[in-house]
Structure formats: structure tokens, C-alpha cells
Amino acid sequence: MTVRTRFAPSPTGPLHIGGVRTALFNYLFSRHHGGAFLLRIEDTDRERSTEAFTRSILDSLDWLGLERDQAPLFQSTRAARHAEVARQLLDAGHAYRCYCTPEELARMREQAAAEKRQPRFDVWRDRDPAEAPAGVSPAIRLKAPREGETVVEDLVQGTVRVANAELDDMIILRSDGSPTYNHSVVVDDHDMGITHVIRGSDHLTNTFRQVQIYRGMGWELPRFGHVPLIHGPDGAKLSKRHGAQSAIEFREQGYLPEALCNYLLRLGWGHGDVEVLDRAEAIRLFDIDGVGRAPARMDYAKLTHLNALYIRAADDDRLTHEVLERLAQRTDLSLGSIAAGRVRALMPGLKERARTLVELADSAAFLARTVPLPMEPKAAAQLAPEARIMLRELGQVLAGTEFSVPALDAALRAFAEAKGRKLGQVAQPLRAALTGSTMSPGIDAVLVALGREEVLARIGAVG
RNA sequence: GUCCCGUUCGUCUAGAGGCCUAGGACACCAGCCUUUCACGUUGGUAACACGGGUUCGAAUCCCGUACGGGACGCCA
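Note that the structure is predicted; figures quoted are calculated from it, not measured.

Draft legend 1. Main features of the confidence of the model for chain A. On average, residues of chain A score 93 in pLDDT, and 100% of them reach the 70 mark or higher. Interface confidence in the predicted complex, given as ipTM, is 0.93; pTM for the same model is 0.93.

Draft legend 2. Structural view of the packing of aromatic side chains. The final tally for this structure, using the stated rule, is six aromatic pairs. Measuring from ring centre to ring centre gives 5.0 Å for F25 and F286, while their planes differ by 35 degrees; the resulting arrangement is tilted. A residue pair is termed long-range when its members are at least 10 positions apart, and F25 in helix α1 (residues 17-32) and F286 in the loop between α9 (279-285) and β12 (296-297) qualify at 261 residues. Given the relative accessible area of 0%, F25 is considered buried.

Draft legend 3. Spotlight on the packing of helix α15 (residues 385-399) against helix α17 (residues 423-435). Packing of α15 against α17 leaves a shortest axis separation of 10 Å and a crossing angle of 90 degrees. In terms of orientation, α15 and α17 fall into the roughly perpendicular class. Counted together, A387, M390, L391 and L394 of α15 and Q425, V426, P429, L430 and A433 of α17 form the full contact between these two elements. The class makeup of the residues in the contact of α15 with α17 is eight nonpolar, one polar and no charged.

Draft legend 4. Highlighting the sheet that holds strand β5 (residues 139-142). If you walk across this open sheet you meet the three strands as β4-β5-β8, and the pairing is antiparallel. Every other strand in the sheet has two partners, leaving β4 (95-98) and β8 (171-173) as the edge strands with one partner each. Put simply, the sheet's adjacent strands are angled 45 degrees from each other on average, direction ignored. The pairing of β4 with β5 spans four bridges and is antiparallel. Each bridged residue has a counterpart across the sheet, and for C98 the counterpart in β5 is A139.

Draft legend 5. Structural context of the protein's contact with RNA strand B. Taken together, 61 residues are adjacent to RNA strand B, and R174, T205, G268, R353 and S440 come closest. For RNA strand B, the fraction of protein-proximal atoms (within 4 Å) that sit in sugar or phosphate groups is 68%. Contact distances for RNA strand B include 3.2 Å between a base nitrogen and a side-chain N or O atom of D273. Contacts to RNA strand B include S440, whose backbone N or O atom sits 2.5 Å from a base nitrogen. Of all the secondary-structure elements, those providing two or more residues to the surface near RNA strand B are α4 (102-114), β5, β7 (158-163), α6 (204-217), β12, α10 (300-313), α17 and α18 (443-450). At five residues, the largest contribution of residues to the surface near RNA strand B is made by α17. A class-by-class count of the residues in the surface near RNA strand B yields 19 nonpolar, 19 polar and 23 charged.

Draft legend 6. Representation of the pairing of β7 in the model. Of the pairings in the sheet, the one linking strand β6 (residues 149-154) to β7 comprises six bridges and is antiparallel in character. From the neighbouring strand, D154 faces β7, where its bridge partner is G158. Connecting β6 to the next strand, β7, in antiparallel fashion are three residues.

Draft legend 7. Highlighting the packing of helix α12 (residues 337-351) against helix α13 (residues 357-364). One can describe the packing of α12 onto α13 by two numbers: an axis separation of 10 Å at closest approach and a directional angle of 125 degrees. Between α12 and α13, the crossing angle belongs to the class labelled oblique. The two elements α12 and α13 cross, and the hand of that crossing is right-handed. Counting all contacts with α12, which are made through V343, M347, L350 and K351, the residues of α13 involved are L360, S363 and A364. The residue inventory of the contact of α12 with α13, partitioned by class, reads five nonpolar, one polar and one charged.

Draft legend 8. Structural view of helix α5 (residues 181-191). Of all eleven residues in α5, eight are buried; the element is thus mostly enclosed. N182, H183, S184, V185, V186, V187, D188 and D189 are the residues of α5 that are buried. Packing partners of the buried residues in α5 comprise β1 (4-7), β2 (36-41), α3 (79-91), β8, β9 (196-200) and α6.

Draft legend 9. Spatial organisation of α18. Counting buried residues in α18 gives six out of eight residues, a clear majority hidden from the surface. All of the buried residues in α18 are I443, D444, V446, L447, A449 and L450. Looking at the packing, one finds that the buried side of α18 touches α12, α15, α16 (405-418), α17 and α19 (452-462).

Draft legend 10. Spatial organisation of unusual backbone geometry. Looking along the chain, the bond that leaves V371 and enters P372 is cis, with omega of 0 degrees. Among the secondary structure elements, P372 is positioned in the loop between α13 and α14 (377-381). The backbone of K116 shows a phi angle near 55 degrees, a positive value even though the residue is not glycine. As for its placement among the helices and strands, K116 is situated in the loop between α4 and β5.

Parameters and conventions
Residues numbered from 1 in each chain as written. Chains lettered and ligands numbered in written order. Predicted model: local features only at pLDDT ≥ 70, side-chain atom pairs only at ≥ 80, totals over all residues. Heavy atoms only, no water. pLDDT = per-residue confidence, 0-100. Phe/Tyr/Trp six-rings, centres within 6.5 Å; stacked < 30°, edge-to-face > 60°. Helix = DSSP H or I, 4+ residues; strand = E, 2+ residues; numbered from the N terminus. Buried < 20%, exposed > 50% of the residue type's maximum accessible area, 1.4 Å probe, protein only. Axes fitted to C-alpha atoms, helices over the stretch in contact; angles between N-to-C directions. Parallel < 35°, antiparallel > 145°, perpendicular 65-115°, else oblique. Contact = heavy atoms within 4.5 Å. Nonpolar A, V, L, I, M, F, W, Y, C, P; charged D, E, K, R; others polar. Pairing = 2+ DSSP bridges. Near = heavy atom within 4 Å. Polar contact = N/O pair within 3.5 Å; in protein donor to acceptor, adjacent residues only side chain to side chain. Left-handed = near helix turned anticlockwise from the far one by under 90°.

Shown next, in the form of C-alpha cells:
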């Protein structure tokens, strides 16, 4: 049997971090087993679903490199098929028409709560349809079994069982003829030939009821795998105050997609002591049975650490492109081809020090400034009168030095020695003059990236 | 409230009855490296929720308790 998985988001918001992980697990699982990974957009809630969110989700999946094997299926196009299946269930006696009003349902809910049991909503289950009130269009309810138990062999949660007496008769077709979530999911998963349903564990209890539809239709069950949810650092539901939540936000905050995927993969799944895995390794090693059962907390610090690793390993041209795009958003810089060249030239030194693309761009900003540079207070402190005098002399030396790292390094050391100073006492004022900061990549690399003309201009501006 | 699921360092995890004096990673602390900041490197603090069983032996199996999460919609 060829494995077919799917990711089925509803376009009522951007792709959430939990969704990213669910999509990733589905993707990795299908790739690991040489199967297919499909996408279904669950846009049956016409009120809240938007095209913009659909696009946004698609963009995020592309950004993450989770490519699908077929064009997405839009659930809203399948209403007729859902109704058809509901009709078949009705004809086969597995479902019935329910004429309850919302008020009656509320009353049943209350009563069940008072009796400390689950509501069943089954008053029309055995009632004569002839008693149906005129002018009320019925919803269609599934007949849940009353005796025995339903057992789900979950790939993640293990054997999960519930007494059938706990099950209610859920609605599969609303009174307006539209399908409910639990119904359309089953029909679509079946029709799409999905073999493995990997989704958030918030759907686990739905599964017991969905199973009844498969049984009623005589369809083969897919395997289920319910992965635990992601919580915020404090164990509570992930919320805005914790930090980024959607793929878009992580992207904006300068995280690389491969770092986010690596982090999310390791969250709730482990393979020995392996912490860093690229996509190929992930596909090779991932399997659903290795996923833990307990919810995991989001740890932004660990993600950031992983991101730093991936930035260091990333291609310089790619990073330069990302940085220039971010710098272009800023109004305090003069970004031209010269500055772009400097960014590219200094990228090897810059990327060693940045944990996110935001930090990387910030650290490169000085390359796109014009004199006089804005000075951080600590940098200004490096430029005492005698330091300025020293820099003027140093400028004269640099005017005649070859602009290569070895030559500049030698020149700087010779200069410091001649002045009876430590190298740091020369490098720090120079760094301040050139960058406006006390932190930067190695000073030789900065000199080379800036070029002689700009270096002398910046030294002149503080002298 | 009812049902389902879970619980190893602060966090993510390794661990499938003896290999555990419980390993790794992040974070934290200290040292080294050093032209700054990082990186790197060396070392350190730190966990089997609790209580009963089973067993020669339990982090690993069973039961209970506590705590946490999820689900209980004509939402998805």
C-alpha cells in the first residue's frame, strides 16, 4: 500500500506553528515511506474562510519547502458529494433526521450535565418521522452505537478506547444541507485515498465518532496518528505574548525555514542524541511511532540557537539577498550597489555573529551609512581626543597599506607596537569610527569590506 | 462536571526490567581563547510527580492519588 498523507488546514488564519508541525510530520512521514503528501483546504466555514488566508498558508508551506504532490483540494467544492454520502447513510439506516431546535438541544445539554453524563441528542433516533413538526428542515444525525466500545489503534497515542455509551449522535448534515466538519473530513479522506491521518491530538476524541461513518459506509479505516499540541513556554496555550506564532511571524523575525523545521521536528520527537538534521536526514530518520505523547512547550531560545547554526551554514549570497531585502525597508540608510557589495564582502564575518536575519541585517546596517555615522554611546566613548589624534596617524598609515586582511593585520599590529599600545587600544577606536559601534566582525575584514576610500572618509569624519 | 490522554534536569529529549553513579541539547554559572562581540572549547549546577504493589532487581510493568492537556457545537 502506498502511503498517502494530507495536511488539512482551514483558511481562517495564517499557518500556525502547530499547523507547521502537523504539516511537517505528514510530509516527512509520506516522504520516508515513499508516498504522497496532499493538501486539502477546509474552507467550509464560509464566514471565516478567506482567499487571502489560503494564499498565506500556501506561501508559508512553500517557504518551509513542504511541497505537495497534487494541487490542493478545496473542501467547499465537495458539498454535493458530502450530501450524497449523508443520504446513503440515511438510506442504509445508519443515520436519521433530527428536528430538534437549538433550544431543545441546549436543554438536553443541561440535563445531561445535571445527570453527570454526556449528552446524546438522540430524541429523534427512534421517533416516528410522521411526528415531525411542519416547516422545520431537519439535520441529519449519525446513529452512534449504544453498546460495546470503540477502539482506535493510534500510531502515536497507542490503543485508545471509549465506551460507546459515551458517544452522541453527531450531526453530519446541517439543516441547510451543508456538511459538518466530522463528516466532510471522513468523506474527503476516503475519496482522496488517504492512508494515514496525522493531525493534532485535539481531534482524537472526534476520531471515535468519525470511525462510525467509515463503518456505516463500509469503508476501510485509515491509520490515525494524533500528535500532541504545542504549548507556550509556561505550559499554557500558545498565545501572542509568548512571541511568534505563525510561520509568517517567524519569517519576519528572521528565522530560516530549515531552522524552524528542525526545531519543530525535535519538539516531541527524538532520535538518540541527534539535534541537527537537515531535510534529507529528517526524511531518512523520521517515523510516526517515534513521536511522543505529551504536549511540548515552545522554547524560543533553543529555536534561536538552532537558527544561528543554520545561518552560519547558509550560503553567503542567499544571506546577502535576505539582508539587502531587509535593509531596503529602512529609511535611514543609503543602499546602493556599493553598499550591497560591502554586505556581500563582509557576510562571512557577519553571519558568524547573528542568530536571526534581523540581527544579521542590523549588524550590516553600518555598511550602508554615510558619514557622519550615528554613534552608540559606548562607541563615542572610544573616541576621546587622544584617540582621534591616533586615528589620524593611523589613517595616514592605511592610506599606504594594501587592503587585504593579512596586510592590514600586519599594519595594525606594527602601528600598535610603534605606539606602545595593545592591539585592542587601536582596534576599538578604529571600530568605533568605522562602524559607530563597539561590536563588529574582525576589524581587518571590516576595513577590506569598506575599502580604502570609505575607511579614510570615516576616519576623517571623526578626526 | 463527564470522557480521553499525558507526567525523566527550568525547557526539548535519550531511556523498551539489570548497560543508569540516569546520557545529550538549549538556557544558566565559571575558566580558557581573543582586536570588540560572537563562535569555539573545558568544567559545573540541575530530573525519573507522589504513594502502593509485582520482581532477586523498576525511570522502565500494574493500581491509586495529584497535577497538566484535550474533547464534549447545526466551528473547524
